[in-house]
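# Working through the structure, step by step
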Amino acid sequence: MGLNSKSEDRIHQECYLWFHNAYPKYRGLLNYNLNNSANARQGKKNKEMGLQAGRSDFEFLWNKKVYFIEIKTETGYQSKIQKEWQKLVESQGFWYGIARNRIHFMNIIETIIKNN
């Protein structure tokens, strides 16, 4: 990883912290989807409770709509199951996007808030 590269987790944290601080009155409308279980036992339990593989990292609730946002690095790519999940939610009329850095994420959120 280059000096200017950031991990997906770090980008995710930066995006959430920006939203949390920029929009305190909307806290709770941006939600993290737990996609990775700590171990196999917890993974089995999470699946039995409804955890869905491939879900986007965030869902943003705004104006009676749900927006799904996946976080990827500049060179990251979606897995097959993530692409399938994207197709599924888009087939139901939901918006799905990929943010590759905090600035891109900020633009997505601000566009949603401004236009919807």
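Here is a short report on the structure shown in this document. (Residues numbered from 1 in each chain as written. Predicted model: local features only at pLDDT ≥ 70, side-chain atom pairs only at ≥ 80, totals over all residues. Heavy atoms only, no water.)

## Brief notes about the environment of D57
Applicable threshold: Numbering of helices and strands starts at the N terminus; helices are DSSP runs of H or I of at least 4 residues and strands are runs of E of at least 2. As used in this structure description, the phrase polar contact means that two N or O atoms lie within 3.5 Å; if the pair is within protein, one of them must be able to donate a hydrogen and the other to accept it, and residues adjacent in sequence are counted only when both atoms belong to side chains.
Relative to the helices and strands, D57 resides in the loop between helix 2 (40–48) and strand 2 (58–62). In sequence terms D57 and I69 are 12 residues apart; their C-alpha atoms lie 6.2 Å from each other. Only 2.8 Å separates the side chain of D57 from the backbone nitrogen of I71, close enough to count as a polar contact.

## Here's the deal with the pairing of strand 3 (residues 65–71)
Condition: With a 1.4 Å probe rolled over the protein chains alone, any residue whose accessible area is under 20% of its type maximum counts as buried; one over 50% counts as exposed, and the rest are partly exposed. Pairing between two strands is assigned when DSSP locates at least 2 bridges connecting them. Orienting the strands away from the viewer, one traces the path from the first strand over the helix to the second; a clockwise path indicates a right-handed crossover.
Where burial is concerned, most of strand 3 is hidden: five out of the seven residues are buried. Taking the residues that link successive antiparallel strands as the turn, the strand 2-strand 3 hairpin has two residues, and the phi of N63 there is positive, at about 50 degrees. With five bridges joining them, strand 3 and strand 4 (residues 95–99) adopt parallel strand pairing. Each residue of the ladder has a partner; that of Y67, found in strand 4, is W95. A crossover connection joins strand 3 to the parallel strand 4 through helix 3 (residues 80–91); in handedness this β-α-β unit is right-handed.

## Looking at helix 1 (residues 8–22)
What counts is decided by this rule: By this rule, a helix spans an expected 1.5 Å times one less than how many residues it contains. Each C-beta atom gives one direction from the helix axis, and the arc is the one those directions make. By definition, residues are in contact when any of their heavy atoms lie within 4.5 Å.
The terminal C-alpha atoms of helix 1, which comprises 15 residues, lie 21 Å apart, in line with the 21 Å expected from a rise of 1.5 Å per residue. Those residues of helix 1 that fall on the buried side of the exposure criterion are I11, H12, E14, C15, W18 and F19. All buried residues of helix 1 lie within an arc of 165 degrees about the axis, which places them on one face of the element. Exposed residues on helix 1 whose side chains face more than 90 degrees from its buried face are D9 and N21. Buried residues in helix 1 make contact with strand 1 (30–32), strand 2, strand 3 and helix 4 (102–115).

## Overview of the nonpolar core
Inclusion rule: To define a nonpolar core, start from buried Ala, Val, Leu, Ile, Met, Phe, Trp, Tyr and Cys residues and group those joined through side-chain atoms within 4.5 Å.
The biggest cluster of nonpolar side chains holds 19 residues, and the ones touching the most others in it are F19, F60, I69, I71, F105 and I109. When residues of this core are traced back to their parent elements, those giving at least two are helix 1, strand 2, strand 3 and helix 4. For this core, the leading source of residues is helix 4, giving six residues. With residues up to four places along the chain from it excluded, the contact list for F19 reads Y26, L30, F60, F105 and I109.

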